[in-house]
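Close look at the chain arrangement
The residues making up each chain are set out below.
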Amino acid sequence: MISTKKELLDQLKLERRKNENLWTTFFVDAAALDAEVCGEALKIFCSFDIPLVTTEKGGKILFDKKFYAGKARLLNQYGLIFGFTLEYASGADDNLKSFLDRFDFAVNQYPNHLTFPQTEILSSETAGDSCDSKSFGPVTSATFSAQNIRQARDICFAARTFYTCGRAVPWFLSVLKPLRITPSAFFADFADWQRCNNADFKSGFYPEKEKHPAIEKMQLLFLEEKYEEKGKADLFGLIQDIVKINGAMSRLSAGEKDEEIVEVSYNPEDLLSEEAMDLESFYDNVCLEECRVRLFAGQDGLDFEIL
């Protein structure tokens, strides 16, 4: 892990000289990040993985929310890609409530991805193609039982599937808001959905091996069920448009497609505007405009046209 600003700046400048057009991920201590680092990072293709570090004091697990929120806000202001790495049962005094507090905090900072090393599945190179699952690191304690560990693991795996592999960062918090539940509660429910559909941690399901449209289909199936359960089914058509158009853009950005055509019920400019951050207000105030939209990579980045 890169722990100092100087070391990180040196690495950024080295990558700019040697591998300017290659993508690089830096595993960094959040303390190494500041405006100068962000400015240098904009000169190359890179992302930051940031461990959310805790301390133990007075029988409690603590972490500095103000500090991490400030770093996340800085990275978002510069438009940089970053993610948080989290662990559960991280110390003798850790407990499920404390972990879920860290988890909910992390999701609310708009990270591009969330990493949970304890849910990682051994690669086919070391474990064959059977996808045997192993959990690394956590041990039971007086405050973190085996049942708690399984619950935390399943929530993390659900987030790994839905949020990270599902590329949900542009829309997740806006879709969560009408449900009036926390991210951890949402992912606990999705973990149950995965279990019922043979796509959970224990089944050997490996989300990184799935093509994005398959994950997107899972997202929409679950969201439709969830919105019906909460009496918000009238919003699902809008949610479907937002998920589909953002999903298409993510595939174009990743170079997986040259173009995509999606059918939506609202003007794409509205769907990609700040108004779409408040779905209930959007639904009440924005007019329907059914159309077919072609998304493609233009000279100045991603673009679209209405067919």
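The structure under discussion appears in the preceding block.
Quick look at the structure, then.

Procedures and definitions
Residues numbered from 1 in each chain as written. Predicted model: local features only at pLDDT ≥ 70, side-chain atom pairs only at ≥ 80, totals over all residues. Heavy atoms only, no water. Helix = DSSP H or I, 4+ residues; strand = E, 2+ residues; numbered from the N terminus. Contact = heavy atoms within 4.5 Å. Expected span 1.5 Å × (residues − 1). Bend = angle between axes of the 7 residues up to and from the residue. Buried < 20%, exposed > 50% of the residue type's maximum accessible area, 1.4 Å probe, protein only. Axes fitted to C-alpha atoms, helices over the stretch in contact; angles between N-to-C directions. Parallel < 35°, antiparallel > 145°, perpendicular 65-115°, else oblique. Left-handed = near helix turned anticlockwise from the far one by under 90°. Nonpolar A, V, L, I, M, F, W, Y, C, P; charged D, E, K, R; others polar. Arc of directions from axis to C-beta. Phe/Tyr/Trp six-rings, centres within 6.5 Å; stacked < 30°, edge-to-face > 60°. Salt bridge = Lys/Arg side-chain N within 4 Å of Asp/Glu carboxyl O. Pairing = 2+ DSSP bridges.

A short note on the environment of Lys 60
- By the element assignment, Lys 60 lies in strand β4 (residues 60–62).
- For the pair Lys 60 and Ala 92, spaced 32 residues apart in sequence, the C-alpha to C-alpha distance is 9.2 Å.
- Those residues in contact with Lys 60 that lie beyond four places of it in its chain are Thr 55 and Asp 93.

Some details on helix α6 (residues 146–165)
- A rise of 1.5 Å per residue sets the reference length of α6, with its 20 residues, at 28 Å; its end C-alpha atoms lie 27 Å apart and thus fit the reference within 8%.
- At Ala 159, α6 is bent by approximately 25°, the largest bend along its length.
- The buried count for α6 comes to 15 of 20 residues, which makes it a mostly enclosed element.
- Immediately beyond the C-terminal end of α6, within one or two residues, lies Arg 167, with a positive phi of roughly 50°.

Some details on the packing of helix α4 (residues 96–107) against α6
- Packing of α4 against α6 leaves a shortest axis separation of 10 Å and a crossing angle of 10°. The angle between the axes of α4 and α6 places the two elements in the roughly parallel class. As for how α4 packs across α6, the hand of that crossing is right-handed. Touching Leu 96, Phe 99, Leu 100, Phe 103 and Val 107 of α4 are Asn 148, Gln 151, Ala 152, Ile 155, Cys 156, Ala 159 and Tyr 163, all from α6.
- Of the residues in the contact of α4 with α6, the class split is 10 nonpolar, 2 polar and no charged.

Section: helix α8 (residues 183–196)
- In a regular helix each residue adds 1.5 Å, so 14 residues correspond to 20 Å; α8 covers 20 Å between its end C-alpha atoms and thus fits that length.
- Those residues of α8 lying buried are Pro 183, Ser 184, Phe 186, Phe 187, Phe 190, Ala 191, Trp 193 and Gln 194. Projection of α8 onto a plane perpendicular to its axis shows the buried side chains occupying an angular sector of 165°, all on one side.
- Structurally, α8 contributes buried residues whose contacts are with α4, α6, α7 (172–176) and α9 (212–229).
- Downstream of α8 by a residue or two, Asn 198 has a phi angle that is positive, lying close to 55°.

Quick look at the packing of aromatic side chains
- Applying the stated criterion across every chain, the model contains 25 aromatic pairs.
- On the basis of an interplanar angle of 80° and a centroid distance of 5.8 Å, the ring pair of Phe 103 and Phe 187 is categorised as edge-to-face. Here Phe 103, found in helix α4, pairs with Phe 187, found in helix α8; they are 84 residues apart in sequence, far enough to count as distant.
- A centroid spacing of 5.1 Å and a plane angle of 10° characterise the contact between Phe 172 and Phe 187, whose relative ring orientation is stacked. Taken together, the residues span a long stretch of sequence, with Phe 172 in helix α7 and Phe 187 in helix α8 at a distance of 15 residues. No difference in accessibility class separates Phe 172 from Phe 187, as the two residues are buried.

Focus on unusual backbone geometry
- Although it is not a glycine, Arg 167 sits at a positive phi angle of roughly 50°.
- Counting through the fold element by element, Arg 167 comes out in the loop between α6 and α7.
- Of note in this structure, Asn 198 is not a glycine but carries a positive phi near 55°.
- Looking at the secondary structure, you find Asn 198 in the loop between α8 and α9.

Quick look at the pattern of salt bridges
- For the structure on display, the rule yields 22 salt bridges.
- For Lys 65, the salt bridge is made with Asp 101, and the minimal N-O distance between the two is 3.1 Å. With Lys 65 in helix α3 (residues 65–77) and Asp 101 in helix α4, the pair connects residues that are 36 residues apart, well separated along the chain.
- Among the residues examined, Lys 65 registers a relative accessible area of 37% and is labelled partly exposed.
- For the salt bridge of Arg 195 with Asp 154, the shortest nitrogen-to-oxygen distance reads 3.1 Å. One end of the pair, Arg 195, is in helix α8; the other, Asp 154, is in helix α6, with 41 residues separating them in the sequence.
- For Arg 195, a relative accessible area of 41% translates into the label partly exposed.
- Bridged by salt links that share partners, the residues Arg 153, Asp 154, Asp 192 and Arg 195 form one connected network.

What about the sheet that holds strand β8 (residues 291–298)?
- On the basis of which strands lie adjacent, the open sheet formed by 3 strands has the order β7-β8-β9 and antiparallel pairing. The two strands at the open ends of the sheet, each matched to only one other strand, are β7 (259–264) and β9 (301–306). When the angles between neighbouring strand axes are averaged without regard to direction, this sheet yields 25°.
- Along the sheet, helix α10 (residues 236–253) contacts β7, β8 and β9; its crossing angle with β7, the most-contacted strand, is approximately 175°.

Scope: geometric values only; no functional claims are made or implied.
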